[in-house]
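Chain and residue survey
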Amino acid sequence: MRPYGLVLAGGGAKGAYQIGAWKAMREIGVEIEMIAGVSIGAINGALIAQGDYDRTVELWSSIEVKDGIQMEAQLKSPENLFSFSNLPQIFHEIIKNGGVDVTPARNLVAEYVDEEKVRKSGVPLGLVTFQVSSLKPVELFVEEMQEGLLVDYLMLSARFPGLHNQSPDGAKYLDGGIYDNAPVRMLRQRGINRFIVVDISNMKGIGHKDDLSCADIIYIRPNDPKELGESFEFDKSMTEKRMLMGYLDAKKAFGFLRGQNYYFQPKEYKLMQKKYGYKAVSELEILAAQYGVERLTVYTHHKFMRALLSAEETAEAERKEVSENPILKVAKPILEKASEEIVKKIRKPRKYAKLSEAGAALELFRSARKRTAIPKAED
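Scoring rules and cut-offs
- Residues numbered from 1 in each chain as written.
- Predicted model: local features only at pLDDT ≥ 70, side-chain atom pairs only at ≥ 80, totals over all residues.
- Heavy atoms only, no water.
- Helix = DSSP H or I, 4+ residues; strand = E, 2+ residues; numbered from the N terminus.
- Buried < 20%, exposed > 50% of the residue type's maximum accessible area, 1.4 Å probe, protein only.
- Contact = heavy atoms within 4.5 Å.
- Areas by Shrake-Rupley, 256 points an atom, 1.4 Å probe, with all protein chains shown as cover.
- Salt bridge = Lys/Arg side-chain N within 4 Å of Asp/Glu carboxyl O.
- Core = buried A, V, L, I, M, F, W, Y, C linked by side-chain atoms within 4.5 Å.
- Expected span 1.5 Å × (residues − 1).
- Axes fitted to C-alpha atoms, helices over the stretch in contact; angles between N-to-C directions.
- Parallel < 35°, antiparallel > 145°, perpendicular 65-115°, else oblique.
- Left-handed = near helix turned anticlockwise from the far one by under 90°.
- Nonpolar A, V, L, I, M, F, W, Y, C, P; charged D, E, K, R; others polar.

With respect to the overall build of the protein
Helices and strands together make up the secondary structure of the protein, namely 15 helices and 9 strands. Split into buried and exposed, the 379 residues of the protein put 50% on the buried side. Long-range pairs, those at least 24 residues apart, make up 72% of the contacts in the protein between residues at least 6 apart in sequence. A total accessible area of about 19,300 Å² is found for the protein, and carbon and sulfur atoms account for 52% of it.

Dropping the structure here:
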């Protein structure tokens, strides 16, 4: 397989998604010849360049907000630095100290990023930050930096507003994502025309240009970026979810899995399309999302259809329970005038789109299931 240039977008805690994608790329055998990253993407880029996957997973699996900051008082919401309840403390730190002290985060990056390994890896690493005083981006590759300053520049690339600003030259910097959160152009300028872009944010930056003419490009990104949560939400269960999502999306991007919003073995997906039709399979995925069918798993034909039937039966039972509730019948005129938030609290049944071909496919599967008694173990 010919090598690729790797572009890693910024997005804070959502960067765990990129490590999941890296796991999939390692399994597939993807070769990376150059990396450009921004913010957490730059830090992940350094970890990927030095090639120590196990240590990287160790870092991401254990990191919490408290490991990266130093504050006088304990955060009211310790899992999400910039949550609303923490804002008074953050404003206090900005006024008193110029921002939240991220010295622990720098020390953590220095512990896991080995500058010598990065320089000797043979995989050039570039990053982007933004200098406030000149209002200009700073785009640098490691070989252009003075030795010993890689960690400093990684931290400058990830300098989110509200965090304390320290730099080797005394100038003030901001997160490179402000200028270009997916720096494809940095690699194009070095002659790279085959890219993998692992995108974890809708933000592109004021100076971003896709610059994709005559390029072979693979995008790895979530179906819905909101699923990745908040940028400063370092919850361990959320980290695991992000890594799994990145892994599955990367497998899908390279053709090892199929599906639009869900994940299927390729032969199973083709079987479903042949059996029910292309439109019906698309509708089945939409219906599964509406019913809340578990998304982050690899489905076979039978496993997916059984999960969908089970979710449909549960939803139907809930609708019946609500419609037969005498209290809700009496309260109906009041409910119609109530705010949406109040209506949600008393469990107004959800509205589902009418998907005719999906319904026909479910009925076909239901009938076949009754005739052949498909065992649950047949996945």
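Once you've had a look at it, read on.
Comments concerning unusual backbone geometry
Even without a glycine there, the phi angle at serine 39 is positive, about 55°. Mapped onto the secondary structure, serine 39 falls in the loop between strand E2 (32–38) and helix H2 (40–50). Even without being a glycine, leucine 135 presents a positive backbone phi close to 55°. Position of leucine 135 relative to the elements: it lies in the loop between strand E3 (125–131) and strand E4 (136–141). In this structure leucine 135 comes out as exposed when scored by relative accessible area, which is 61%.

Comments concerning the pattern of salt bridges
Pairs may arise between side chains of opposite charge once their charged atoms sit close together. Inspection of the entire model under this criterion finds 11 salt bridges. Its salt-bridge partner being aspartate 152, residue arginine 106 comes within 3.3 Å of it at the nearest N-O pair. With arginine 106 in helix H5 (residues 103–112) and aspartate 152 in helix H7 (residues 150–157), this pair connects stretches of sequence that are 46 residues apart. Salt-bridge contacts for arginine 194 lead to aspartate 216; the nearest nitrogen and oxygen are separated by 2.7 Å. A residue pair is termed long-range when its members are at least 10 positions apart, and arginine 194 in strand E6 (residues 194–198) and aspartate 216 in strand E7 (residues 216–220) qualify at 22 residues. What makes aspartate 216 partly exposed here is its relative accessible area of 32%. Residues joined in a network through salt bridges with shared partners are Glu312, Glu363 and Arg366.

Describing the environment of leucine 296
With respect to the helices and strands, leucine 296 occurs in the loop between helix H11 (278–291) and strand E9 (298–299). Through-space distance from the C-alpha of leucine 296 to that of leucine 244 is 7.3 Å; in sequence the pair is 52 residues apart. For leucine 296, the residues in contact, after removing those within four places along its chain, are Lys241, Leu244, Met245, Leu248 and Tyr263.

Description of the nonpolar core
If you look at soluble globular proteins, the nonpolar side chains tend to sit buried side by side. Grouped together as the largest cluster of nonpolar side chains are 69 residues, with contacts concentrated most on Leu6, Ile35, Leu154, Ile196, Ile220 and Phe254. With 8 residues, the single largest contributor to this core is helix H1 (residues 16–28). Setting aside chain neighbours within four positions, we find isoleucine 196 in contact with Tyr4, Gly5, Leu6, Val7, Met25, Val30, Ile32, Ile218, Ile220 and Phe254. Counting 23 residues, the second-largest nonpolar core is a separate cluster that includes Leu287, Ala288, Leu309 and Ala361.

Section: H1
Relative to the 18 Å expected for 13 residues at 1.5 Å per residue, H1 spans 19 Å between its end C-alpha atoms, a close match to the ideal helical length. Along its buried surface, H1 packs onto strand E1 (4–8), H2, helix H3 (53–62), E6, E7 and helix H9 (236–253). Positive backbone phi, at 95°, marks glycine 29, one or two positions downstream of H1.

A word on the packing of H1 against H9
At a minimum axis separation of 6 Å, H1 and H9 run at an interaxial angle of 40°. With respect to H9, the axis of H1 lies oblique. H1 and H9 meet at a crossing whose hand is right-handed. For the pair H1 and H9, the contacting residues are Ala16, Tyr17, Ile19, Gly20, Ala21, Lys23, Ala24, Glu27 and Ile28 in the first and Thr239, Arg242, Met243, Met245, Gly246, Tyr247, Asp249, Ala250 and Lys251 in the second. Among the residues making up the contact of H1 with H9, the classes are represented as 10 nonpolar, 3 polar and 5 charged.

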